[in-house]
Amino acid sequence: MKHPLPARPQHICVLRLSALGDVCNLVPTVRALQRQWPEARLTWIIGKGEHSLLAGLSGVEFVVYDKATGLAGMRALWRELADTRFDVLLHMQQALRASVLSLGLKADVRVGYDKARAKDAQHWFTQHHLAPHPRAHVLESYLDFARLLGVEDLSLAWDLPVPGAAVEEARQITGESPYLLISPCANPRLRNFRNWSAEGYAAVIEHAWRQHGLKTVLTGGGSTQERQLGERIQALCPEGVVIDVIGETSLKGLLALIRGSRAVIAPDSGPVHMANALGAPVVGLYATTNPDRAGPYRWRDFVVDRYADAARTFLHKEPAELSWGQRVRHPDAMSLIRAEDVIDRLEAVLALPETPQDTESPDEA
């Protein structure tokens, strides 16, 4: 007989290793759990890079698992937590690696996705499952875990820590001038196809410079693909308009750059969700991914959305015929986005009244 859900958990475990955008979307659930049970301990088992983004999140004890360490790293983590028993384990990672990792954790209750949303047979590794929630945004799917536990206040809050060193890192890059931030690349993995064209970005950058006097900061990881795209974009732009720091910032520094920007433009990737978490205006570029499921949650009205067009053009189906979350894996899908579409959305977010962004007081230590 399975244990009932705890009415007042004393120690909650969140298992979500990756990715950067996903962990940003999960933070409101953590905040909701903390509001409901302020005395409870909350341990988050998280990936190495994701921890560097969220380190210092108030009230959270992080346990880091580096997936590069494989089974040996799992055994080390199990030893680290050998004397720890959780009242409830919230299994929020739909991946076999995470499910195997969960087997070595001690928990009275294990909660996972309902069968319709579970992937890699995740529901076999949990005893309690979420209520069905068809066509839910990723952020809402995480909040479903709090709903199942009876959490009442599901209002959105992040309070991501941006330390003083990160603020100074950003200041060294941008000085005091206003700027646009573009992170042009999504994760450069096989068959991702989320990247827009250098020519499109260059047209937007030139518009932002000529119409608003905004230079553009290019950010991203250090892969060859990302660096080469940044170089192509810069070569197409007027001299001195682009500040290319692709592969040169820390993740906390990226948070500070996003927080200080007038607006962020990026495809479906971590930075759109970082911007969403910080309250920074963001224009997401979506054609291969459905923004209703994975767009920047508070800025979905400003997304450039060509997902339906891509489904019809390359899959020959209406969006309603696709499974929820299905991607349009075609190398030409992002070409459906036009520069004038992006400029139109950029003008819309720049016209909004400036509001305080969702930040935590910088840690100057």
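Computed from a predicted structure; not experimentally measured.

Visitor: Looking at this structure, I do not really get the environment of P188. What am I missing?
Guide: Note that P188 resides in the loop between β9 (179–182) and α7 (198–212). In this structure the C-alpha to C-alpha distance between P188 and Q225, which are 37 residues apart in sequence, comes to 7.0 Å. Not counting residues within four places of it along the chain, the set of residues in contact with P188 comprises S223, Q225 and E226.

Visitor: What is the right way to read the sheet that holds β9 from this model?
Guide: Here six strands make up an open sheet; going across it, the order is β11-β10-β9-β12-β13-β14 and the pairing parallel. What marks the edges here is a single partner per strand, and that holds for β11 (242–244) and β14 (304–305). As paired strands, strand β10 (residues 215–218) and β11 are joined by three bridges and run parallel to one another. Bridging across to β11, T216 finds its partner in V242.

Visitor: In this structure, what is going on with the packing of α7 against helix α13 (residues 339–350)? I would like to understand it.
Guide: For any two helices packed against each other, one specifies the inter-axial angle together with the distance between the axes. Packing of α7 against α13 brings their axes to within 9 Å, and their N-to-C directions diverge by 40°. Relative to α13, α7 is oriented oblique. Once α7 is placed against α13, the crossing between them reads as right-handed. The residues of α13 that touch α7, namely those facing G200, A203, V204, H207, A208 and H212, are A339, V342, I343, L346, E347 and L350.

Visitor: Can you walk me through the sheet that holds strand β5 (residues 88–91) in this structure?
Guide: To summarise the sheet geometry, strands pair through backbone hydrogen bonds and adopt either a parallel or an antiparallel arrangement. The strand order across the open sheet formed by six strands is β3-β2-β1-β5-β7-β8, and the pairing between neighbours is parallel. Two strands in the sheet have a free side with no partner beyond their single neighbour: β3 (61–65) and β8 (128–129). Against the sheet, helix α4 (residues 96–103) makes contact with β1 (11–15), β2 (41–47), β3, β5 and β7 (110–112), and its axis sits at roughly 170° relative to β5, the strand it touches most.

Visitor: What's the story with the pattern of salt bridges in this structure? I'm lost.
Guide: Where side chains of opposite charge bring their charged atoms close, a pairing between them can arise. Considering all chains together, one arrives at 19 salt bridges under this definition. One salt bridge connects R171 with E176, and the closest N-O pair in it is separated by 3.8 Å. D344 serves as the salt-bridge partner of R345, at 3.1 Å between the closest nitrogen and oxygen. Each member of the salt-bridge network shares a partner with another, and the members are R306, D309, R312, E318, R338, E340 and D341.

Visitor: Help me understand the packing of α7 against helix α8 (residues 224–235), please; the structure alone is not making it clear to me.
Guide: Closest axis-to-axis distance for the α7/α8 pair is 8 Å, and the angle between their directions is 50°. On the basis of their axis angle, the class for α7 and α8 is oblique. Considering the relative orientation of α7 and α8, their crossing is right-handed. Here α7 contributes A198, Y201, A202 and I205 to the contact with α8, which in turn contributes L229, R232 and I233. Looking at the contact of α7 with α8, its residues break down into six nonpolar, no polar and one charged.

Visitor: Please explain the environment of D22 as it appears in this structure.
Guide: Looking at the secondary structure, you find D22 in helix α1 (residues 20–36). A relative accessible area of 22% means that D22 is categorised as partly exposed. Between the alpha carbons of D22 and Q93 there is a distance of 9.6 Å; along the sequence they are 71 residues apart. Residues within four places of D22 in sequence aside, it is in contact with R16, V138 and Y142.

Visitor: I would appreciate a short explanation of α4 in the present structure.
Guide: Residue pairs three or four apart in sequence face the same way in an α-helix, which turns once every 3.6 residues. Along α4, the residues that are buried comprise A98, S99, L101 and S102. For α4, the arc enclosing every buried residue in end-on projection is 160°, short of the 170-degree limit, so these residues lie on one face.

Visitor: Which parts of the structure should I look at to understand unusual backbone geometry?
Guide: Among all residues except glycine, the phi angle is most often negative; among peptide bonds, the trans geometry is most common. Cis geometry is found at the peptide bond from S18 to A19, where omega equals 0°. With respect to the helices, strands and loops of the structure, A19 is situated in the loop between β1 and α1. Look at D120: it is not a glycine, yet its phi comes out positive at around 50°. Relative to the assigned elements, D120 resides in the loop between β7 and β8.

Visitor: How do you make sense of the pairing of β3 when you look at a structure like this?
Guide: If a strand is regular, its side chains alternate between the two faces of the sheet. Two elements, β2 and β3, share five bridges in a ladder whose sense is parallel. Pairing of T43 across the sheet is with E61, part of β3. Crossover handedness for the path β2 to helix α2 (residues 48–54) to β3: right-handed.

Visitor: I tried to follow the packing of aromatic side chains on my own but got confused; where do I start?
Guide: The description of two aromatic rings rests on the distance between their centres and on the angle between their planes. Inspection of the entire model under this criterion finds four aromatic pairs. Here Y113 and F145 contribute two aromatic rings whose centre-to-centre distance is 5.1 Å and whose plane-to-plane angle is 90°, an arrangement assigned as edge-to-face. Of the two residues, Y113 is situated in the loop between β7 and β8 and F145 in helix α5 (residues 138–148); the sequence distance between them amounts to 32 residues. The pair formed by Y113 and F145 is uniform in burial state, with each residue classed as buried.

Conventions and cut-offs
Residues numbered from 1 in each chain as written. Predicted model: local features only at pLDDT ≥ 70, side-chain atom pairs only at ≥ 80, totals over all residues. Heavy atoms only, no water. Helix = DSSP H or I, 4+ residues; strand = E, 2+ residues; numbered from the N terminus. Contact = heavy atoms within 4.5 Å. Pairing = 2+ DSSP bridges. Axes fitted to C-alpha atoms, helices over the stretch in contact; angles between N-to-C directions. Parallel < 35°, antiparallel > 145°, perpendicular 65-115°, else oblique. Left-handed = near helix turned anticlockwise from the far one by under 90°. Salt bridge = Lys/Arg side-chain N within 4 Å of Asp/Glu carboxyl O. Nonpolar A, V, L, I, M, F, W, Y, C, P; charged D, E, K, R; others polar. Buried < 20%, exposed > 50% of the residue type's maximum accessible area, 1.4 Å probe, protein only. Arc of directions from axis to C-beta. Right-handed = clockwise from strand over helix to strand, strands pointing away. Phe/Tyr/Trp six-rings, centres within 6.5 Å; stacked < 30°, edge-to-face > 60°.

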